[in-house]
Structures are given as C-alpha cells and as structure tokens.
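The primary structure of each chain is shown beneath.
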Amino acid sequence: MTTLKSLLLALALLGALATSLTAAVAQKGKATGNAATGRQLFAETCAPCHSATSKTTNIGPGLQGLFKGRKMPATNRPVSVAVVKAQIQKGGGGMPAFGSKYTAQQLDDLIAYLRTL
Ligand code: HEC
C-alpha cells in the first residue's frame, strides 16, 4: 500500500515537472524573437508586397492577423512558425526565396513581429 502511494506521489511529481518544463519551453519560444527588430526587417523587405495592417492582397496577401488565424492566407496550409519560416526561406507562389538572407535570430524576430499583427 505504501509502495503504491509513493509510486502515485512520484508520478504526480513527474507530471508537475513535465507541465512546468513544457510551460518554460513555450515561454522561451515566445521570448526569443525581438518584435521591434522584426518590424524593421519587415518594413525593409516584406512591406512592398505585404500589408501589415490589412488582409488585402497587394502583390502578396495582407498579413494582418496571420498568427490569429488557422490557415495561411494564400495556400491554406495550417499556420505555424515552421510553415512561415519555410515560406520566407523557400518562397513560392510568386514570392521570392530569401534563402539564407536571414539568420535564425532574424527569422525569430520576423516571427515575433508577425505575431503582433
Ligand atoms: C516580391 C514580393 C514579395 C516579397 C518581397 C515577400 N513576399 Fe511573401 N508572398 C508574396 C506572394 C506573391 C505570396 C503568395 C504566394 C502564393 O500564392 O502561394 C506571398 C505569400 C506569403 C505568405 C503566405 C504564404 C501562404 O502559405 O499562404 C507569407 C506568410 C509571406 N508571404 C511572408 C513574407 C515575409 C515575412 C516576407 C519578408 C521576409 C515576404 N513575404 C516577402 C510576395 C512577396
């Protein structure tokens, strides 16, 4: 009986640990990008084709609310950080590929900015 109790206690502790670790990782994922830097990068490179303040298509689709929606505006793929980063690096559908123009940090900065739209 005591063995079972301590086993259950251990499991509960493990669960709590896993939950806080997950929360820490999620928090970190949000904190890595600098939205102010991302805003600048967007203004320099993306803004000629993408509106940040509407969903209206200019040359590319307006990106307002990108991360608040479930589907990517042009391709209807599910919205995720990975899909947006891939779009930036590989382009497609008339958008140029930016390849290695951006460092991992700059990609995170762009994502942080896009999350604010
Ligand atoms: C020369 C114009 C141009 C530039 C510059 C450009 N894009 Fe695009 N972008 C497009 C076009 C055109 C599409 C539509 C692609 C399609 O129809 O599949 C697009 C699509 C997108 C999409 C939606 C993709 C989807 O799956 O729906 C995102 C997100 C995006 N661009 C982000 C960016 C970001 C961030 C930058 C700056 C780093 C950028 N774009 C620069 C033209 C551009």
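A. Main features of the overall build of the protein chain. A count of helices and strands for the protein chain gives four helices and zero strands. When the elements of the protein chain are put in sequence order from the N terminus, they spell out α-α-α-α. Taken across its 117 residues, the protein chain has 14% of its residues classed as buried. The long-range share in the protein chain, meaning contacts at least 24 apart out of those at least 6 apart in sequence, stands at 40%.

B. Geometry of the site of the ligand. Around the ligand sit 25 residues, and of these Cys46, Cys49, Gly60, Gly93 and Met95 come closest. Elements with a contribution of two residues or more to the shell around the ligand: helix 2 (35–46) and helix 3 (81–90). Considering every element that reaches the shell around the ligand, the biggest residue donor is helix 3, with three residues. For the shell around the ligand, a count of residues per class yields 16 nonpolar, eight polar and one charged.

C. A look at the environment of Leu66. Relative to the helices and strands, Leu66 is located in the loop between helix 2 and helix 3. Put simply, Leu66 and Leu117 are 51 residues apart on the chain and 6.9 Å apart in space, counted from C-alpha to C-alpha. Discounting chain neighbours no more than four positions away, the residues touching Leu66 are Val79, Leu114 and Leu117.

D. Main features of unusual backbone geometry. Despite not being glycine, Asn76 has its phi angle at roughly 65°, a positive value. Tracing the backbone through its elements, the reader meets Asn76 in the loop between helix 2 and helix 3. Taking the C-beta count within 10 Å as the criterion, Asn76 has 9 such neighbours and is therefore assigned exposed.

Cut-off values and rules
- Numbering of residues begins from 1 in every chain and follows the order in which that chain's sequence is written.
- Totals for whole chains, interfaces and linings use all residues, but because this is a predicted model, local features are given only for residues with pLDDT of at least 70 and pairs of side-chain atoms are given and counted only at 80 or more.
- Helix and strand assignments follow DSSP, with helices taken as H or I runs no shorter than four residues and strands as E runs no shorter than two, numbered in order from the N terminus.
- Counting other C-beta atoms within 10 Å of a residue's C-beta gives its exposure: the residue is buried at 20 or more, exposed at 12 or fewer, and partly exposed in between, where C-beta atoms are placed from the backbone.
- With C-beta atoms placed from the backbone, a contact is any residue pair whose C-beta atoms sit within 7 Å.
- The rule is simple: place the C-beta atom from the backbone, and if it lies within 6 Å of a molecule or strand, the residue is near it.
- By the convention adopted, Pro, Cys, Tyr, Trp, Phe, Met, Ile, Leu, Val and Ala count as nonpolar, Lys, Arg, Asp and Glu as charged, and the other residues, Gly among them, as polar.

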